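What follows is each chain in one-letter form.
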Amino acid sequence: MRAPLTRRLAGFGTTIFTEMTRLAQEHGAINLAQGFPDFDGPDFVKDAAKAAIDAGQNQYARMTGLPALNQALARRYQHHYGLSFDTDREIVVTSGCTEAIFAAIAGICDVGDEVILFQPYYDSYRASVCMAGAIPKVVTLWPPDGTQGWHFDAQQLERAFSERTRAILLNSPHNPTGKVFTRQELELIAQLCRKYNVICISDEVYEHLVYTGVHIPMATLLPELTITLSSLGKSFSLTGWKVGWACAPAPLAAAVRSAHQFITFATATPFQVAAAVAVAAPDDFFVQLQREYRERRDYLTGVLQEVGLEVWEPEGTYFTCASLRGTGYTDDFAFAKHLIAHGVATIPPSAFYEQPELGRGYVRFAFCKRRETLEAAAERLRAWRKL
Ligand code: GLN
């Protein structure tokens, strides 16, 4: 009998986030695996959603996004980065950035088109490319080597581009490595995109969580070919609301919209009302968010170093990676299982590689957690190290 699952999806299994969260629950481990805050989002945003529900804003929103949210987004991009997007034609509100990624790929890629990805990649990237019938072409980000942080080989990147390339998926700040791409790296990518007329799908959900350097939106370097994606989840600690968006020049936005209208059609109305309030937050809000996250990062990386792990200090995001060197382990899954048994769950990143062997030598820790949670994890890590 024919298997129920398509060949496109066979081989992807269950996402590592679901798997590790399940294992964490089973073992009573502290979940530094899946990247979600264990604290709540701000009251002014939650209150806006509650008020919208009570005010009867509960039917379908406009397919491209509630006008108030699209307007708030246009103002925000102008204010933060000097980028201009037309409210109605150049912004599409989606159900989280994950939908925006798939809608962008499904909207612009024909079957057989090639899409360049950096590995390690957020796991939905490769699955989305394959679901759209496109072909992933992978370029490796290599771990810090003492002289440089996470880096790629410019020649490998250049070789990945060809007449068959339709898009490149970029993620800066980068999950899982915490890398913030430099201006020079982004300029090289922009130059190659122009040379081959390749669209850059730029996932910038960690844009406000940068600790070293600055966030440079790809659209400031390659406006005509960039689809900028972001969301509410990471910037407002509301990952369960699933409100995201795509911004791009009108023809590209129209392609995203064509897919979006048949994937989810519209995103939950009251959450869009609240999202419009959120993205209009004063600059102080983002400064404070970054300050709190920098403290969390410094605390967790300090603890990991204290227990003898070699930490690759992240420049941005929710995450830090640590090498397995000196642990006696050479396999990330085996180490992650070992650490779960000692009460701390992590993500084994080999799941984010086309060649899993390239990701076996480290694990990812999430620090988007309350201080008490990080302190409890620290106690367990200290106890583990003493064994
Ligand atoms: N983006 C989050 C992470 O990387 C969670 C993703 C998910 O659960 N699908 O941990």
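Check the entry above for the structure.
Residues numbered from 1 in each chain as written. Predicted model: local features only at pLDDT ≥ 70, side-chain atom pairs only at ≥ 80, totals over all residues. Heavy atoms only, no water.

Asker: Even after reading the chapter, I still don't get the environment of phenylalanine 102, so can you show me in this structure?
Answerer: Note that phenylalanine 102 resides in helix α4 (residues 96-108). Taking the C-alpha atoms as reference points, phenylalanine 102 and methionine 131, separated by 29 residues in sequence, lie 8.5 Å from one another. Setting aside residues no more than four positions away along its own chain, phenylalanine 102 makes contact with Gly107, Ser128, Met131, Ala132 and Ile263. (Helix = DSSP H or I, 4+ residues; strand = E, 2+ residues; numbered from the N terminus. Contact = heavy atoms within 4.5 Å.)

Asker: I keep staring at the packing of helix α11 (residues 283-306) against helix α13 (residues 371-386) and nothing clicks. Help me out?
Answerer: A pair of packed helices is captured by two measures, namely the crossing angle of their axes and the spacing between those axes. The interhelical angle for the contact between α11 and α13, taken along N-to-C directions, is 5°, at an axis separation of 10 Å. Classified by the interaxial angle, the pair formed by α11 and α13 is roughly parallel. Counting all contacts with α11, which are made through Arg296, Tyr299, Leu300, Val303, Leu304 and Glu306, the residues of α13 involved are Arg371, Leu374, Glu375, Ala378, Leu381 and Arg382. Taken together, the residues of the contact of α11 with α13 break down into seven nonpolar, no polar and five charged. (Axes fitted to C-alpha atoms, helices over the stretch in contact; angles between N-to-C directions. Parallel < 35°, antiparallel > 145°, perpendicular 65-115°, else oblique. Nonpolar A, V, L, I, M, F, W, Y, C, P; charged D, E, K, R; others polar.)

Asker: Help me out: how do you make sense of the site of the ligand in this one?
Answerer: The immediate surroundings of the ligand are formed by Phe17, Gln34, Gly35, Tyr122, Asn175, Tyr206, Phe319 and Arg364. A distance of 2.7 Å separates an oxygen atom of the ligand from a polar atom in the backbone of glycine 35. Side-chain polar atom of asparagine 175 to an oxygen atom of the ligand: 2.8 Å apart, as the coordinates give it. The protein chains hide 82% of the 300 Å² of surface that the ligand would expose on its own. Partitioning the shell around the ligand into residue classes produces four nonpolar, three polar and one charged. (Near = heavy atom within 4 Å. Polar contact = N/O pair within 3.5 Å; in protein donor to acceptor, adjacent residues only side chain to side chain. Areas by Shrake-Rupley, 256 points an atom, 1.4 Å probe, with all protein chains shown as cover.)

Asker: Quick question: what am I supposed to make of the environment of proline 42 here?
Answerer: Tracing the backbone shows proline 42 in the loop between β1 (30-31) and α2 (43-54). What makes proline 42 buried here is its relative accessible area of 18%. Beyond its immediate sequence surroundings of up to four residues, proline 42 is in contact with Phe236 and Phe285. (Buried < 20%, exposed > 50% of the residue type's maximum accessible area, 1.4 Å probe, protein only.)

Asker: Please clarify how the pattern of salt bridges should be interpreted in this entry.
Answerer: Between side chains of opposite charge, a pair can form when the charged atoms approach closely. This model, assessed by the stated rule, comprises 21 salt bridges. Across the pair arginine 370 and aspartate 38 runs a salt bridge, and its minimum N-O distance is 3.4 Å. Highlighted residues: arginine 370 in the loop between β13 (362-366) and α13 and aspartate 38 in the loop between β1 and α2, separated in sequence by 332 residues. Under the relative-accessibility criterion, aspartate 38 is labelled partly exposed at 24%. A salt bridge links lysine 46 to aspartate 43, with the nearest nitrogen and oxygen atoms 3.7 Å apart. Taken as a pair, lysine 46 and aspartate 43 lie in helix α2 at a separation of three residues, close to a single helical turn. Here aspartate 43 falls in the exposed class, since its relative accessible area comes to 51%. Overlapping salt bridges bring together Asp38, Arg370 and Glu372 as one network. (Salt bridge = Lys/Arg side-chain N within 4 Å of Asp/Glu carboxyl O.)

Asker: Honestly, the sheet that holds β13 in this entry has me stumped. Any pointers?
Answerer: Sheet strands line up and pair through hydrogen bonds in the backbone, either parallel or antiparallel. Pairing in this open sheet of three strands is antiparallel, and the strands run β10-β11-β13 from one edge to the other. At either margin of the open sheet sits one strand with a lone partner, and together these are β10 (310-312) and β13. Within the sheet, the average angular offset between the axes of one strand and its neighbour, ignoring direction, is 35°. Inspection of the sheet shows strand β11 (residues 319-323) paired to β13 by five bridges, in the antiparallel sense. Each residue of the ladder has a partner; that of cysteine 321, found in β13, is arginine 364. (Pairing = 2+ DSSP bridges.)

Asker: So what exactly am I meant to see when it comes to the side chain of threonine 94 here?
Answerer: In this fold, threonine 94 is placed in strand β2 (residues 91-94). On the accessibility criterion, threonine 94 (0% relative accessible area) is buried. Excluding anything up to four places from it in sequence, threonine 94 contacts Glu99, Ala100, Lys242, Val243, Gly244, Trp245, His260 and Thr267.

Asker: Where do I start with the packing of aromatic side chains in this structure?
Answerer: Given two aromatic rings, their pairing is described by the distance between the two centres and the angle made by the two planes. Here the structure, examined in full by the defined rule, presents 26 aromatic pairs. Summarising the aromatic geometry, the rings of tyrosine 206 and phenylalanine 319 are spaced 5.8 Å apart at their centres and angled 75° between planes, so their arrangement reads as edge-to-face. Within this pair, whereas tyrosine 206 is found in the loop between β7 (199-203) and β8 (226-231), its partner phenylalanine 319 is found in strand β11, the two being separated by 113 residues in sequence. A relative accessible area of 1% places phenylalanine 319 in the buried class. Members of the aromatic cluster, connected to one another through ring pairs, are Phe39, Tyr206, Tyr293, Tyr318 and Phe319. The lysine or arginine in question, arginine 364, covers the ring of phenylalanine 319, its NZ or CZ lying 3.5 Å from the ring centre. Taking the ring centre of phenylalanine 36 as reference, the NZ or CZ of lysine 369 above it sits at 3.8 Å. (Phe/Tyr/Trp six-rings, centres within 6.5 Å; stacked < 30°, edge-to-face > 60°. Lys NZ or Arg CZ within 6 Å of the ring centre and 35° of its normal.)

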